[in-house]
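Report on the structure
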Amino acid sequence: WNLYMGLHYDALALQNSELLFDEEAIDDAVESIAALIRADYEGERPVYLTLMHGGMLFASNLALSVGIDLEFDYLHATRYRGAITGSGLAWLHRPATPLEGRRVLIADDILDEGHTLKAVRDWCEDQGAAEVKIAVLCVKNHDRRVEGIDADYVALEVPDAYVYGYGMDYFEQGRNLPG
């Protein structure tokens, strides 16, 4: 983290933060779920939806590791809009790829309470997707999860604390921190 202290990141936030997983640990965890996904989708070409902006780094890393052909698209739905607490869901971009009858794999950075991922999964099902699975970089450990939402592939578990880096932001900063 010291490497980033001279940049435009909030220095106080970085000084008061704990590194939970470095880049190597993240890469190893992503590779472990990539193997599961490869086995589950072998011989198929699922629609691979990245949930922007947070899911971009994880989704890219996972796509490179998974070793199967994917049909890429993205969506942007957010409850945060630059804040650290969520509000109502705003759809900023919906996928252009038809989902009717397709297997869909959603890639996102974190499953916290699950409001956004549940809405996105439900929307994909409403579009006629044959199956919708969710891959996340991390799941936050707490008991506030929305009923009916879980991730099918989880790389890491994090404590019930504010986490940022590797796609996740702190007031729209720090997404490109490597840990």
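Procedures and definitions
Residues numbered from 1 in each chain as written. Predicted model: local features only at pLDDT ≥ 70, side-chain atom pairs only at ≥ 80, totals over all residues. Heavy atoms only, no water. Salt bridge = Lys/Arg side-chain N within 4 Å of Asp/Glu carboxyl O. Buried < 20%, exposed > 50% of the residue type's maximum accessible area, 1.4 Å probe, protein only. Axes fitted to C-alpha atoms, helices over the stretch in contact; angles between N-to-C directions. Helix = DSSP H or I, 4+ residues; strand = E, 2+ residues; numbered from the N terminus. Parallel < 35°, antiparallel > 145°, perpendicular 65-115°, else oblique. Left-handed = near helix turned anticlockwise from the far one by under 90°. Contact = heavy atoms within 4.5 Å. Nonpolar A, V, L, I, M, F, W, Y, C, P; charged D, E, K, R; others polar. Pairing = 2+ DSSP bridges.

Remarks on the pattern of salt bridges
With the rule as written, the count across this model stands at 15 salt bridges. The residue Glu 31 makes a salt bridge to Arg 38 at a minimum N-O spacing of 3.6 Å. Glu 31 gets classed as partly exposed once you look at its relative accessible area, which sits at 36%. Note on Arg 38: relative accessible area 28%, which makes it partly exposed. In this structure, Arg 175 engages Asp 169 in a salt bridge whose closest nitrogen and oxygen atoms are separated by 3.2 Å. For the pair Arg 175 and Asp 169, a shared accessibility class is recorded, and that class is buried.

Here we look at the packing of helix α2 (residues 23-41) against helix α3 (residues 56-66)
Remark: α2 packs on α3, axes separated minimally by 9 Å, with the N-to-C direction vectors making an angle of 55 degrees. Our classification of the angle between α2 and α3 gives oblique. The handedness of the crossing between α2 and α3 comes out as right-handed. Counting all contacts with α2, which are made through Asp 27, Val 30, Glu 31, Ile 33, Ala 34, Ile 37 and Arg 38, the residues of α3 involved are Phe 58, Asn 61, Leu 62, Ser 65 and Val 66. When the residues that make up the contact of α2 with α3 are grouped by side-chain class, the tally is 7 nonpolar, 2 polar and 3 charged.

Here's the deal with the sheet that holds strand β2 (residues 71-78)
Across the sheet, 6 strands lie side by side as β3-β2-β1-β4-β5-β6; this open sheet has mixed pairing. Across the chains shown, the open sheet's two edge strands, defined by having one partner strand only, are β3 (90-93) and β6 (153-158). Within this sheet the neighbouring strands show an average axis-to-axis angle of 25 degrees, counted without direction. Here strand β1 (residues 47-51) runs beside β2; their pairing, made up of 5 bridges, is parallel. Opposite Tyr 48, over in β2, you have Phe 72 as the bridge partner. Contacting β4 (103-111), β5 (131-140) and β6, α2 crosses the sheet at an angle of about 155 degrees to β6. The strands touched by α3 within the sheet are β1, β2, β4 and β5, with β1 carrying the most contacts at an inclination of about 150 degrees.

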